Amino acid sequence: MLEEARSAAACVALQLSQDVERYAELGARLRAASFNNVVTVARGSSDHASNYFAYLTMARLGRLVTSLPMSLVTLYDAPLQTQGTLALSISQSGQSPDVVEPIRYFRDGGATTVALVNDIDSPLAQAAEWAMPLHAGKEKSVAATKSFITSLSAGARLVAEWQGDEELKAGLRALPDALENAARADWSKAIDILAPARNIMVVGRGISFPVALESALKFKETSALQAEAFSGAEIKHGPMALIEDGYPLLIFATRGPAQAGLVALAEEMRGRGARVLLAAPQDVASRDLDLPVAATPDLDPIVAIQAFYVMAAHLSKARGMNPDQPRHLSKVTKTN
């Protein structure tokens, strides 16, 4: 896991050097189309990457994006309207039937279908009209790292081409260097606090929320640490009842409109006795963990998860576990 996480910068650099004309062609196709609906089709880490793509799409392009409950197609045979729809799937393996079947369903119904997939020879790649390889290479660890980071960069790349935004494109070109820097971030303070922990809340908001979702999954997956992700806007509702002295919270306060509220939340939670780990850029004086930044704030979540992955691999071993072989899990999960 650690080796693969640290290789993400090279994987993203490779991805950005490939398929340049094809991304440009797809971006032009998306600009020329008039979509009534955008749906994402994914599970697990790939669904978290889809959430990031959805946020960028809604914030930058004003298109509403829905995460498809795949059982509507695979179990319920719902009569979904597919015309005028963009269906995007993200997957490392491209093998699971409940990801493949909806993309095939939408394509057969006349939708524009795109798959961001690591295995370009997979059933998912064959089912989609546009199969765009992640170029993450073979991933041996059960816990996805480099494939998740390349999923994020591919989603941002697609949005940049769709929008025709030169600033975001330039930010992507600088992303490999930012990832290299993030992989060197010192998050040892988090390991000291979390090695004996039994549970944790992971908090983000807006563009950082997909990172909170992914981090909570990795805590469970690689450290058997009961973790839940919450939006900073939701934690003051039901989840607040769980806060007690010493309760750990990891808060991702990436740059942007949600940052000030998350920094204030961290201070409030400290006042309630929580053991807060505030991950924020160096200009936030109250931070506990340095959060590296990208060339543009919309790419900050990608470097944030890079820093987290390195810490998570070390944390797993500190808790006496093997992050490469989580119990009860396998690399490819096939569900209907």
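The rules behind the values
Starting from 1, residues in each chain are numbered consecutively following that chain's sequence as written. With the structure being a predicted model, the display of local features is reserved for residues of pLDDT at least 70 and the display and counting of side-chain atom pairs for 80 or more, all residues being used for whole-chain, interface and lining totals. Here the side-chain values reflect all heavy atoms present in the structure, with hydrogen atoms and water set aside. Helix axes are fitted only over the stretch in contact, all axes being lines through C-alpha atoms; the angle between N-to-C directions runs from 0 to 180 degrees. A run of DSSP states H or I qualifies as a helix once it reaches four residues; a run of E qualifies as a strand once it reaches two. Both are numbered from the N-terminal end. An angle counts as roughly parallel when it lies under 35 degrees, as roughly antiparallel when it exceeds 145, as roughly perpendicular when it falls between 65 and 115, and as oblique in every other case. Helix crossings get a hand from a simple test, with the near helix turned counterclockwise from the far one by less than a right angle marking a left-handed crossing and a clockwise turn marking a right-handed one. When checking whether two residues touch, look at their non-hydrogen atoms; a contact exists if any pair is within 4.5 Å. Residue count minus one, scaled by 1.5 Å, sets the expected span of a helix. Buried means the residue's accessible area, taken with a 1.4 Å probe over protein chains only, is under 20% of the maximum for its type, while exposed means over 50%, and partly exposed covers the values in between. For two strands to pair, DSSP has to find at least two bridges joining them. UniProt positions are given in the numbering used here, feature names are shortened, and annotations may be inferred rather than shown by experiment.

**Describing the packing of helix α4 (residues 44-61) against helix α12 (residues 209-223)**
Between α4 and α12, the least distance of the axes is 8 Å, while the angle of their chain directions is 170°. As the angle between them shows, α4 and α12 are arranged roughly antiparallel. In this structure, the crossing between α4 and α12 has a hand that is left-handed. Where α4 abuts α12, its residues Gly44, Ser45, His48, Asn51 and Tyr52 lie against Pro210, Leu213, Glu214, Leu217 and Lys218.

**With respect to helix α6 (residues 97-108)**
Compared with an ideal rise of 1.5 Å per residue, which puts twelve residues at 16 Å, α6 spans 16 Å between its outermost C-alpha atoms and is within 8% of the ideal. Looking only at α6, the buried set comprises Asp98, Val99, Val100, Pro102, Ile103 and Phe106. Each element contacted by the buried residues of α6 is listed here: β1 (37-41), α5 (71-74), β3 (85-91), β4 (112-117) and α7 (123-127).

**Side note on unusual backbone geometry**
Backbone geometry at Asp19 places phi at a positive 60°, although glycine is not the residue there. One non-glycine residue, Asp77, adopts positive backbone phi at about 50°. One can find Asp77 in the loop between α5 and β3. Residue classification places Asp77 among the exposed positions, given a relative accessible area of 63%.

**Brief notes about the sheet that holds strand β5 (residues 130-133)**
One open sheet holds the five strands; their spatial order is β2-β1-β3-β4-β5, and the pairing between them is parallel. Of all the strands in the sheet, the pair left with one neighbour each is β2 (65-67) and β5. Between one strand and the next, the sheet's axes are offset by a mean angle of 20°, whatever the strand orientation. Sheet topology places β3 next to β4; six bridges connect them, and they run parallel. Each residue of the ladder has a partner; that of Ser91, found in β4, is Val117. Helix-sheet contacts for α6 involve β1, β3 and β4, and the interaxial angle to β3 is about 160°. Together, β1, β3 and β4 form the strand contacts of helix α8 (residues 146-163), whose direction differs from that of β4 by roughly 145°.

**Describing the sheet that holds strand β10 (residues 289-290)**
Pairing is parallel in the open sheet, where five strands are placed in the order β7-β6-β8-β9-β10. Single-partner strands in this sheet number two, and they are β7 (226-231) and β10. Where strand β6 (residues 199-204) lies against strand β8 (residues 248-252), three bridges are found, and the strand directions are parallel. Of the residues in β8, the one forming a bridge with Val202 is Leu250. α12 rests against β6, β7 and β8 of the sheet, and its axis sits at about 175° to β7.

**Focus on the UniProt feature "domain: SIS" (unreviewed entry) in the chain**
Residues annotated by UniProt as "domain: SIS" (unreviewed entry) correspond here to residues 26-168 and 190-326. The span residues 26-168 shows a helical share of 47% and a strand share of 17%, and its end C-alpha atoms are spaced 17 Å apart.

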